[in-house]
Amino acid sequence: MKRFFRRKSTYIIGIPLVIIIAVFGGAFIYTHVINPPASKVGFSDISTTTGPKGSTTTLSPAQLDGAWKPTNASVVQYLVPEILFGQSTKADGTTNAVTGSLTIAGTTVPKAAFTVDLTTVHSNQARRDAQFQGRIMNTSQFPTATFTLTKPIAFGSVPAENKTITATAAGNLMLHGTTKSVTFDVKARRVGNTVEVTGTIPVHFADYGIPNPTFGPAQVGNNGDLAFALAFEKA
């Protein structure tokens, strides 16, 4: 009889342990195998995104001067760390709907302004998209994000073909109807007759009146990144 109760007790105690292992083991497999953490967009994403690419014709430094516009090979991404059942991962959403222009004058960019259509942002999760478009970013009221350069970007030199150079950009970022000044690093290179620029702008949600994105089992902090990889052609 004692042996029976001992076995029954072990069985009863073992049930929740199995459930816990199943839940957290399943979460690990989901966040690391089925749906691994998102990677930040970069130059390689410009190359693989559908849209016109630069030709093999290389522009001279003098031909770089003037206005440039983003092609539909450009991509803008939100990237947010989250905890799912104790597992660390990163959620993201992207769009190619970028409009605007930048002006090149020698080794500087004196003007740049861009608009992103947030209503076109999508991820690999329909529920995440519904939260982004609704409760979080309220895109029916705030359908766009904008960035306007407030200080010329000084690159120092015209890069050789496929050579990456880094500089600092400063401007006004508007998200969720709120505008804040931001400063961040950008990387640029020229490939054929295309100019490519990448960078990341850290975003503290409360600064822009954006609600914490936490929902369901996904626990999110108060910060994220707005990353971009932009391809430009002569306007």
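Refer to the structure above for everything that follows.
Asks: Please clarify how the overall build of the chain should be interpreted in this entry.
Replies: Counting secondary structure elements, the chain contains four helices and 12 strands. Scored against the burial criterion, the 235 residues of the chain give a buried share of 40%. The contacts in the chain between residues at least 6 apart in sequence include a share of 65% that link residues at least 24 apart.

Asks: For this particular structure, what's the right way to read empty space enclosed by the protein?
Replies: The gaps left among the atoms become clear once a water-sized probe is rolled over them. This structure, assessed with the given rule, holds two cavities of 30 Å³ or more. As for the largest cavity, its lining consists of 37 residues, and the residues nearest its centre are L102, F114, V197, L230 and F232. For the lining of the largest cavity, the secondary structure elements donating two or more residues are β4 (98-105), β5 (108-117), β6 (144-151), β8 (165-175), β9 (178-191), β10 (194-204) and β12 (223-234). Of the residues belonging to the lining of the largest cavity, the class tally is 30 nonpolar, five polar and two charged. Put simply, the second largest cavity is a space of about 410 Å³. Together, 28 residues line the second largest cavity, and Y78, V80, F132, M137 and F205 are the ones closest to its centre. For the lining of the second largest cavity, the secondary structure elements donating two or more residues are β2 (75-84), β3 (87-95), α4 (126-136) and β12. It is β2 that provides the largest number of residues to the lining of the second largest cavity, a total of six residues. When grouped by side-chain class, the residues that make up the lining of the second largest cavity number 20 nonpolar, five polar and three charged.

Asks: Looking at this structure, how should I read the environment of G192?
Replies: Among the structural elements, G192 can be located in the loop between β9 and β10. Overall, G192 belongs to the buried group, its relative accessible area being 4%.

Asks: Quick question: what am I supposed to make of the pattern of salt bridges here?
Replies: Close approach of charged atoms allows side chains with opposite charge to pair. In total, this model carries three salt bridges according to the counting rule given. A salt bridge links K40 to D225; the nearest nitrogen and oxygen atoms lie 4.0 Å apart. You can see K40 sitting in the loop between α1 (2-34) and α2 (43-48) and its partner D225 sitting in strand β12, a full 185 residues away along the chain. Given a relative accessible area of 41%, K40 falls into the partly exposed group. With relative accessibility at 25%, the residue D225 sits in the partly exposed group. With a closest N to O distance of 3.7 Å, E82 and R128 form a salt bridge. With a gap of 46 residues between them, E82 in strand β2 and R128 in helix α4 connect regions that are remote in the sequence.

Reading the values: the criteria
- Here, residues in each chain are numbered from 1, in the same order as that chain's written sequence.
- Owing to the predicted nature of the model, reporting of local features is limited to residues with pLDDT of at least 70; listing and counting of side-chain atom pairs is limited to 80 or more, with chain, interface and lining totals taken over all residues.
- The side-chain values count all of the structure's non-hydrogen atoms but skip hydrogen atoms and water molecules.
- Numbering goes from the N terminus for both helices and strands, where a helix is a DSSP run of H or I of at least four residues and a strand is a run of E of at least two.
- Exposure categories follow from relative accessible area, calculated using a 1.4 Å probe and restricted to protein chains: below 20% of the type maximum is buried, above 50% is exposed, and the middle band is partly exposed.
- The contact criterion used throughout is that any non-hydrogen atoms of two residues lie within 4.5 Å.
- A cavity here means a set of 1 Å grid points, computed over protein atoms only, where a 1.4 Å probe fits but cannot escape. A pocket is an open set with protein on both sides within 12 Å along at least 5 of 7 lines, and lining residues have an atom within 4 Å of a point.
- Grid points are joined across faces, edges and corners, and a volume is the space filled by probe spheres set on the points.
- The nonpolar class holds Ala, Val, Leu, Ile, Met, Phe, Trp, Tyr, Cys and Pro. Asp, Glu, Lys and Arg form the charged class, and all remaining residues, Gly among them, are polar.
- Here, a salt bridge means any Lys or Arg side-chain nitrogen found within 4 Å of an Asp or Glu carboxyl oxygen.

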